[in-house]
Amino acid sequence: MFESLQERLSGIFDKLTGRGALSEADVDAALREVRRALLEADVALDVVKGFTEKVRQKAVGAQIVKSVTPGQMVVKLVHDVLVETLGSDGVGLNLRASPPVPILMVGLQGSGKTTTTAKIAKRLQERDKRRVLMASLDTRRPAAQEQLAVLGRQAGVETLPIIAGHTPVEIAKRAMSEARKGGFDVVMLDTAGRLHIDEELLAEAASVRDIARPNETLLVADSLTGQDAVNLARNFDEKIGITGIVLTRIDGDGRGGAALSMRAVTGKPIKLLGTGEKLDGLEDFHPQRIAGRILGMGDVVSLVEKAAQTIDADKAKKIAERMKKGSFDLEDLAEQLRQLQKLGGMSGMMGLLPGMGKIKKQLDGVDLDNGVLKRQMAIISSMTPAEKRNPKVMNASRKKRVAAGSGTKVEEINRLLKMHLQMADMMKQMGRGKGMFGKMFGGKGVPDAAELEKMQAELAALDPNALPPELREMAAGGTLPEGAKPAPALPGLGSRLPSLGGLPGLGGQPFRGFPPAGKKR
Amino acid sequence: MSGFLKSLFRRNRDVEESPQAAAMPEAIAPEERRGWLGRLTQGLAKSSKSLTGSITTILTKRKLDQTTLGELEDALIAADLGLATTERIIKAISAGRYDREIAPEDVRKVLSEEIAKVLKPVEVPLDFRGQKPFVVLVVGVNGSGKTTTIGKLGAIAQREGLKVMFAACDTFRAAAIDQLQVWSERTGARLVSRPPGADSAGLAFDALTEARAEQADILFIDTAGRLQNKAGLMAELDKIVRVLKKVDANAPHAVLLVLDATTGQNAMAQAEAFAKTAGVTGIIMTKLDGTARGGILVAIAERFKIPVHAVGIGEQIEDLQPFDAEAFAEAIAGGGG
Ligand SMILES: Nc1nc2c(ncn2[C@@H]2O[C@H](COP(=O)(O)OP(=O)(O)OP(=O)(O)O)[C@@H](O)[C@H]2O)c(=O)[nH]1
Ligand SMILES: Nc1nc2c(ncn2[C@@H]2O[C@H](COP(=O)(O)OP(=O)(O)OP(=O)(O)O)[C@@H](O)[C@H]2O)c(=O)[nH]1
Ligand SMILES: [Mg+2]
Ligand SMILES: [Mg+2]
């Protein structure tokens, strides 16, 4: 549905032959597209206006760097201003106060307050070794207090015992005194959802604030929010006074323009991101990620980080060693598939890659995640150890047996075997891991911050030719390659497999990221 | 009140309709309509940069020129209609009127009429004729208001004298079952549930079997919130639908997508994905009591033509109103009085 800004701009600047500085007319034309891109990403109208003005000031007369197209130049400028507006990196929670340190959670109905309360508490307790007490001040929504109690049990975080009939203010008082008595470091106060125009409930929240005097008052807001983001953020800030923002449902495929809107109208930092329903779905905020997302450029840093976190480094290393020796067998393949599944499957990953929106859309119909991965793993697990080690022995009768055992068809087994062969082949050629992923994971496992930054730089230099042929075809023709429905498109993502143990076929040399799919128009 | 019930739940006249209900007019009573619009405009008035504000500035102009159109366009964008729909509507408005004098009231009228044109065809009451038990599957992303909406709908059905059952198929989210339990106590609907973590499709199967055995009139199935881009969770939803069909080939008879009015352009992708996986038959839009206008519904109506049954305007049991295309359009256009 969305064209990336880069694509749109290339359309405009294709006509532009002159090099040198960007003229006012060029900039105007480009800014019209920037405006559209931002609005489609749900950035609030007023914020868009201010934003494009900022970009204009920087862009007019700006020298176009050699080897960069005017389109790329503008995207870069827009990206920079976005990052700048979104604010500084990783502003952590401020816990500098004498314990117990209160944290107050506020927001609209259903935005994710209760879940986020438990996520933060869990993180503070496990990672930062603070003793946390959680209390639900939501006396209104059915089973809201019970919800926090259940989450507390799941997270191993204590919750204030529920006493029926207590008002939010009474609960806040009790939470603070219990925390003092119990020697807790942090008290998390979850509140009922309320509209930003509900004066009565805003006043209630304000009195809770006055009782607890929180160190942090976090506005929990849905990253899928539309134009209303400015109104809600402004009102919550005015009426209660927030110290930071948590954006939830970042695991969705929204463009996240609300982040820019809320940051711009409140000036308050976005501190954390909610990335799932489970209690470990909490991440620090990085402006580049959201900027890339708003511009439809993908979220590559996230991808790499996620890969680094999810992939079992030891297993990856082991597989990498086996690859080098050319002894990549079906057990290794199964391990890779498992790792891929942990990453959220193909569509999860593709959603994070720049310019992949369209291709992902085409693949959406093809149930890669559940269908193929699971079936392929089922096939492998129906084989005997000898068969896994040496797939060559798979004759017709063995295939029939495995098909029956795994509930699949012989053709699927054939496809899997072919895929394995191709991968084993690629690996033999691989040898030294070249390119970003190669460097990154080659023998070392997990990338550090400097490497991530370097990788981003590589990605910034988007090279259309880096798109693997299969994907280029898909992008151009709008059709899926043979066999992509549903089978072996999996390894097709690259021409080489660097020693990134868990990602079959992701990569290539040098991996520059996927540019916007094809040049349409 | 029955007028509203009736237009929300249009039922077979010949079959078991109370004489009292039959005597009720089709349309919503003007009072109630004012009530809803009143609340919507109240919200508008409270928000600092309201549409009303921007329209008022427009009203001081006299010609439908580029500037005026630009401001109308801004108003629609700010209501979340999205660019494509906004541009189409603006084009339609300017057609034949461009640069002509236009009375201020007419600008607003024309705008709201153009929006209503898109919405009118999807203004369809929820109809549960001819099936017993009538199975309503309620789906949507996390926190959109599914469980609350089931409570509200259940209350209406219960008041109509129907035998209502709830199935707590959100076995995932903490205390989701307890939440529906409270709603079942509030409404008198019978709750079918299993311990947390139970298989939701299995529970759906049992609930429908039980609803049949007990001759329930209507069964509401609550599901866990799921983001539409999560293939695994969407597959689980697909499974619930398939399992229901094993009991009754025509079930679910209605699949309601609950959309949050504060959601921006992503609601379009939600409608598309849930329609594809679960065969959505109707939409209910919640949280219209805030300042969000829910304009994405116009884009969804235009593109997918999915019926819209009702709107949520609060957290309480009575805070559900039948969808009214004109009122919705007027609220977007900044009118309402
Ligand atoms: N996918 C996803 N779901 C989330 C995230 N955060 C919360 N949720 C889900 O969103 C829904 C609402 O979350 P809650 O924590 O109950 O929201 P709340 O703001 O406390 O809601 P109220 O108390 O009713 O106002 C639940 O289904 C959560 O599981 C997130 O980051 N990603
Ligand atoms: N203001 C307002 N709040 C609403 C409306 N409908 C629901 N809510 C509130 O929104 C929050 C979420 O509602 P739920 O019914 O729990 O949403 P859900 O879709 O079942 O959430 P999950 O099961 O967690 O995905 C609750 O606090 C509700 O009280 C509405 O129309 N207006
Ligand atoms: Mg809550
Ligand atoms: Mg629910």
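Cut-off values and rules
- Residues numbered from 1 in each chain as written.
- Chains lettered and ligands numbered in written order.
- Predicted model: local features only at pLDDT ≥ 70, side-chain atom pairs only at ≥ 80, totals over all residues.
- Heavy atoms only, no water.
- Helix = DSSP H or I, 4+ residues; strand = E, 2+ residues; numbered from the N terminus.
- Areas by Shrake-Rupley, 256 points an atom, 1.4 Å probe, with all protein chains shown as cover.
- Salt bridge = Lys/Arg side-chain N within 4 Å of Asp/Glu carboxyl O.
- Buried < 20%, exposed > 50% of the residue type's maximum accessible area, 1.4 Å probe, protein only.
- Pairing = 2+ DSSP bridges.
- Contact = heavy atoms within 4.5 Å.
- Polar contact = N/O pair within 3.5 Å; in protein donor to acceptor, adjacent residues only side chain to side chain.
- Nonpolar A, V, L, I, M, F, W, Y, C, P; charged D, E, K, R; others polar.
- Expected span 1.5 Å × (residues − 1).
- Near = heavy atom within 4 Å.
- Axes fitted to C-alpha atoms, helices over the stretch in contact; angles between N-to-C directions.
- Parallel < 35°, antiparallel > 145°, perpendicular 65-115°, else oblique.
- Left-handed = near helix turned anticlockwise from the far one by under 90°.
- Core = buried A, V, L, I, M, F, W, Y, C linked by side-chain atoms within 4.5 Å.

Asker: Can you explain the overall build of chain A? Please cite residues and give values.
Answerer: The secondary structure content of chain A amounts to 23 helices and eight strands. As presented, chain A carries roughly 21,000 Å² of accessible surface, and 51% of it is formed by carbon and sulfur atoms.

Asker: Go over the pattern of salt bridges, please, and point to the residues and values.
Answerer: All names here are of chain B. A full pass over the atoms with the stated rule returns 39 salt bridges over all chains. A salt bridge links Asp199 to Lys239; the nearest nitrogen and oxygen atoms lie 3.9 Å apart. Remark: Lys239 occurs in helix H11 (residues 231–247) and Asp199 occurs in the loop between strand E5 (190–192) and helix H10 (200–213); sequence separation between them is 40 residues. Classification of Asp199 as partly exposed rests on a relative accessible area of 41%. Looking at Lys239, the relative accessible area reads 37%, which means it is partly exposed.

Asker: A description of the pairing of strand E1 (residues 101–106) of chain A should follow, citing residues and the corresponding values.
Answerer: All names here are of chain A. Among the six residues of E1, six are classified as buried, and the element is accordingly described as predominantly covered. Side chains of E1 alternate between two faces, with Val101, Ile103 and Met105 and Pro102, Leu104 and Val106 buried alike. Pairing geometry for E1 and strand E5 (residues 216–222), over four bridges, is parallel. If you follow Leu104 over to E5, its bridge partner there is Thr217.

Asker: Outline the interface of chain A and chain B, supporting the account with residue identities and numerical values.
Answerer: Taken residue by residue, the interface counts 45 residues in chain A and 48 residues in chain B. With its nearest N and O atoms 3.5 Å apart, the salt bridge here joins Glu73 of chain B to Arg35 of chain A. Where chain A meets chain B, there are 18 residue pairs in polar contact (both at pLDDT 80 or more). Across the side of chain A that touches chain B, the residue classes break down as 12 nonpolar, 13 polar and 20 charged.

Asker: Can you explain the pairing of strand E6 (residues 218–222) of chain B? Please cite residues and give values.
Answerer: Residues and elements named next belong to chain B. Counting buried positions along E6 yields five of five residues, so the element is predominantly enclosed. Residues of E6 alternate between two faces, with Ile218, Phe220 and Asp222 on one and Leu219 and Ile221 on the opposite face, all of them buried. In this sheet, E6 lies alongside strand E3 (residues 134–139) in parallel orientation, the contact comprising five bridges. Bridge pairing in E6 places Val138 opposite Asp222. The pairing of strand E4 (residues 164–168) with E6 spans five bridges and is parallel. Within E6, the position partnered with Ala168 by the bridge is Asp222.

Asker: So what about helix H5 (residues 66–78) of chain B? Which residues, and what values?
Answerer: Residue and element names in this part refer to chain B. A rise of 1.5 Å per residue sets the reference length of H5, with its 13 residues, at 18 Å; its end C-alpha atoms lie 18 Å apart and thus fit the reference within 8%. Listed as buried for H5 are Thr68, Leu69, Leu72, Glu73, Asp74, Ala75, Leu76 and Ile77. One or two steps after H5, the chain reaches Asp80, where phi turns positive at roughly 75 degrees.

Asker: Can you lay out the side chain of Ser223 of chain A for me, pointing to particular residues and giving the numbers?
Answerer: All names here are of chain A. For Ser223, the position within the fold is in the loop between E5 and helix H9 (229–239). A distance of 2.7 Å separates the side chain of Ser223 from the backbone oxygen of Thr248, its partner in a polar contact. Sequence-distant contacts of Ser223, that is, excluding residues within four places in its chain, are made with Leu247, Thr248, Arg249, Ile250, Gly256 and Ala258.

Asker: An account of the site of ligand 2 is needed here, citing residue identities and associated values.
Answerer: Residues and elements named next belong to chain B. Close contacts around ligand 2 come from 23 residues, with Gly145, Lys146, Thr147, Thr148 and Glu315 the closest. At 2.7 Å, a side-chain N or O of Glu315 approaches an oxygen atom of ligand 2. Coverage of ligand 2 by the protein chains reaches 95% of its 650 Å² of free accessible surface. In terms of residue count, the dominant contributor to the shell around ligand 2 is helix H8 (residues 146–159) (four residues). For the shell around ligand 2, a count of residues per class yields two nonpolar, 13 polar and eight charged.

Asker: Explain the packing of H8 of chain B against helix H9 (residues 176–187) of chain B to me, and be specific about the residues and the numbers.
Answerer: Residues and elements named next belong to chain B. Following both chains from N to C, one finds H8 and H9 inclined at 20 degrees, their axes separated by 9 Å at the closest point. Classified by the angle their axes make, H8 and H9 are roughly parallel. Judged by the twist between their axes, the crossing of H8 over H9 is right-handed. Residues Thr147, Thr148, Ile150, Gly151, Lys152, Gly154, Ala155 and Gln158 of H8 pack against Gln179, Leu180, Trp183 and Thr187 of H9. Class assignment of the residues belonging to the contact of H8 with H9 gives a composition of four nonpolar, seven polar and one charged.

Asker: Give a detailed account of the nonpolar core, specifying residues and quantitative values.
Answerer: In this structure, Ile115, Leu119, Leu219 and Phe323 of chain B are the most contacted members of the largest nonpolar core, which totals 76 residues. The next biggest cluster of nonpolar side chains, apart from the first, holds 70 residues, and it includes Met73, Leu104, Leu219 and Leu232 of chain A.

Asker: So what about the environment of Phe166 of chain B? Which residues, and what values?
Answerer: Residues and elements named next belong to chain B. Along the chain, Phe166 falls in strand E4. For Phe166, a relative accessible area of 0% translates into the label buried. As a C-alpha pair, Phe166 and Ser184 span 18 residues in sequence and 7.2 Å in three-dimensional space.

Asker: Go over the sheet that holds strand E10 (residues 320–322) of chain B with me, naming the residues and quoting the values.
Answerer: Residue and element names in this part refer to chain B. With respect to topology, eight strands assemble into an open sheet ordered E5-E4-E6-E3-E7-E8-E9-E10, the strand pairing being mixed. Looking at the sheet topology across the chains shown, the edges are occupied by E5 and E10. Across the sheet, the mean angle from the axis of one strand to that of its neighbour is 25 degrees, orientation sign disregarded. In this sheet, strand E7 (residues 254–260) lies alongside E3 in parallel orientation, the contact comprising four bridges. Residue pairing across strands places Leu137 opposite Val255, the latter belonging to E7. Running at roughly 165 degrees to E7, helix H12 (residues 266–278) makes contact with E3 and E7 of the sheet.

Asker: Provide a residue-level description of the sheet that holds strand E8 (residues 282–284) of chain A, including the pertinent values.
Answerer: All names here are of chain A. Pairing is mixed across the open sheet formed by eight strands, whose spatial order is E3-E2-E4-E1-E5-E6-E7-E8. If you trace the sheet from one side to the other, it starts and ends with strand E3 (158–159) and E8, each paired once. As paired strands, strand E6 (residues 244–248) and strand E7 (residues 270–274) are joined by three bridges and run parallel to one another. Bridged to Ile245 within E7 is Ile270.

Geometry only, nothing functional implied.
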